[in-house]
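The primary structure of each chain is shown beneath.
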Amino acid sequence: GLSSVAYLEFSAGRVPGMPEVRSFSCRPRAEPAAASVVEELPGCLSGSIDISDTLLESLQQLAEPHGVHLELDPSYALHPLALSYSYTSGVPKHVLLLASNEEYVPVLACRSSCVEEVVEVLRSRGLGATVLGTVLEGGGIIWRGVKVEGITWDYTSGRIVVKQAYAMGDLVLPNTEADPR
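Residues numbered from 1 in each chain as written. Predicted model: local features only at pLDDT ≥ 70, side-chain atom pairs only at ≥ 80, totals over all residues. Heavy atoms only, no water.

Novice: Please clarify how the packing of helix H1 (residues 2-11) against helix H5 (residues 80-89) should be interpreted in this entry.
Specialist: Packed helix pairs are specified by the crossing angle of their axes together with the interaxial distance, meaning the distance between the axes. Look at H1 against H5: their axes get within 8 Å of each other, and the N-to-C directions meet at 45°. With respect to their mutual orientation, H1 and H5 come out oblique. On H5, the residues that touch Leu2, Val5, Leu8 and Glu9 of H1 are Leu81, Ala82 and Tyr85. For the contact of H1 with H5, a count of residues per class yields six nonpolar, no polar and one charged. (Axes fitted to C-alpha atoms, helices over the stretch in contact; angles between N-to-C directions. Helix = DSSP H or I, 4+ residues; strand = E, 2+ residues; numbered from the N terminus. Parallel < 35°, antiparallel > 145°, perpendicular 65-115°, else oblique. Contact = heavy atoms within 4.5 Å. Nonpolar A, V, L, I, M, F, W, Y, C, P; charged D, E, K, R; others polar.)

Encoded structure:
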């Protein structure tokens, strides 16, 4: 979520006011302990990817041809500074989460029988671990009953693009495809 905060602030012509956001977004760091977990638990993991484009795109790539049903309140997956930004700026939490595009932040797909073990091993190595959802039969990413797609990193413009509007309860993710910036 910190990359989403930095992205929104820089896109608005502002330098992020929070030093931790600037530090995180301007100097991503790989975490070797995450790779060691992948090597240690190969029978539990069925895939992994980082979220260098957007979390939504990464989930789509990881879950194909299955759908992922996300049942989690994004508050659990967001950094406290990203939550604070959501409350003060009015940017919905789910937008900050699904548009996150942090280098070197992995998403791991694991068998349901291994979820607790994978989370425990990650946390024992000092890494945060949050269960985002469940892989289901079917296609697409489902967020609280609504299919979401089209939040992508556009390499030509160097921007996050939202290709269509989505009603998310009483929140609407606006269409930014026509944004000339």
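Novice: I would appreciate a short explanation of the packing of aromatic side chains in the present structure.
Specialist: Two descriptors summarise a pair of aromatic rings, namely the distance from one centre to the other and the angle between the planes of the rings. Taken as a whole, this structure holds one aromatic pair when the rule is applied. Taking 6.3 Å as the distance between ring centres and 70° as the angle between the ring planes, the aromatic pair formed by Tyr7 and Trp153 counts as edge-to-face. Of the two residues, Tyr7 sits in helix H1 while Trp153 sits in strand S7 (residues 151-154), which places them 146 residues apart along the sequence. Residue Trp153 is classed as partly exposed on the basis of its relative accessible area of 21%. (Phe/Tyr/Trp six-rings, centres within 6.5 Å; stacked < 30°, edge-to-face > 60°. Buried < 20%, exposed > 50% of the residue type's maximum accessible area, 1.4 Å probe, protein only.)

Novice: What should I look at first to understand the state of the cysteines in this one?
Specialist: Linking two cysteines covalently through their sulfur atoms gives a disulfide. One pass over the structure, following the stated rule, counts one disulfide. In this model Cys44 forms its disulfide with Cys114; the gap between the sulfur atoms is 2.4 Å. Between Cys44 and Cys114 the sulfur-sulfur dihedral comes to about -70°; the bridge is accordingly left-handed. Remark: Cys114 occurs in the loop between strand S3 (106-110) and helix H7 (115-124) and Cys44 occurs in the loop between helix H3 (32-40) and strand S1 (45-50); sequence separation between them is 70 residues. Under the relative-accessibility criterion, Cys44 is labelled buried at 9%. Owing to a relative accessible area of 8%, Cys114 belongs among the buried residues under this scheme. (Disulfide = S-S within 2.5 Å.)

Novice: Would you mind going over the nonpolar core with me for this structure?
Specialist: One recurring pattern in soluble globular proteins: nonpolar side chains tend to sit buried together. Counting residues in each nonpolar core, the largest one holds 29 residues, and the members touching the most others are Leu55, Leu96 and Ile151. When residues no more than four places from it in sequence are discounted, the contact partners of Leu55 are Leu97, Leu98, Ser100, Val107 and Leu132. Core analysis: the second largest hydrophobic core is formed by 13 residues, Val118, Val119, Leu122 and Leu127 among them. (Core = buried A, V, L, I, M, F, W, Y, C linked by side-chain atoms within 4.5 Å.)

Novice: Where do I start with H3 in this structure?
Specialist: Spacing of three or four residues puts side chains on the same side of an α-helix, whose turn is 3.6 residues. All of the buried residues along H3 are Ala33, Ala34 and Val37. Along the axis of H3, the buried positions cluster into a sector of 105°, meaning they face one direction only. In H3, those exposed residues whose orientation departs by more than 90 degrees from the buried face are Pro32 and Glu39. For H3, the elements touching its buried residues are S1, S3 and H7. (Arc of directions from axis to C-beta.)

Novice: How should I be thinking about the pairing of S3 in this particular structure?
Specialist: Sheet faces and side chains relate simply in a regular strand, where the side chains alternate between the two faces. Going residue by residue along S3, you find Val107 and Ala109 tucked away on one face and Pro106, Leu108 and Cys110 left uncovered on the opposite face. Sheet topology places S1 next to S3; five bridges connect them, and they run antiparallel. Across the sheet, the residue bridging to Asp50 is Pro106, located in S3. (Pairing = 2+ DSSP bridges.)

Novice: Could you clarify how one ought to interpret unusual backbone geometry in this entry?
Specialist: A negative phi angle characterises most non-glycine residues, just as the trans form characterises most peptide bonds. For Tyr104, which is not glycine, the phi dihedral falls at a positive 70°. Note on placement: Tyr104 falls in the loop between helix H6 (93-98) and S3.

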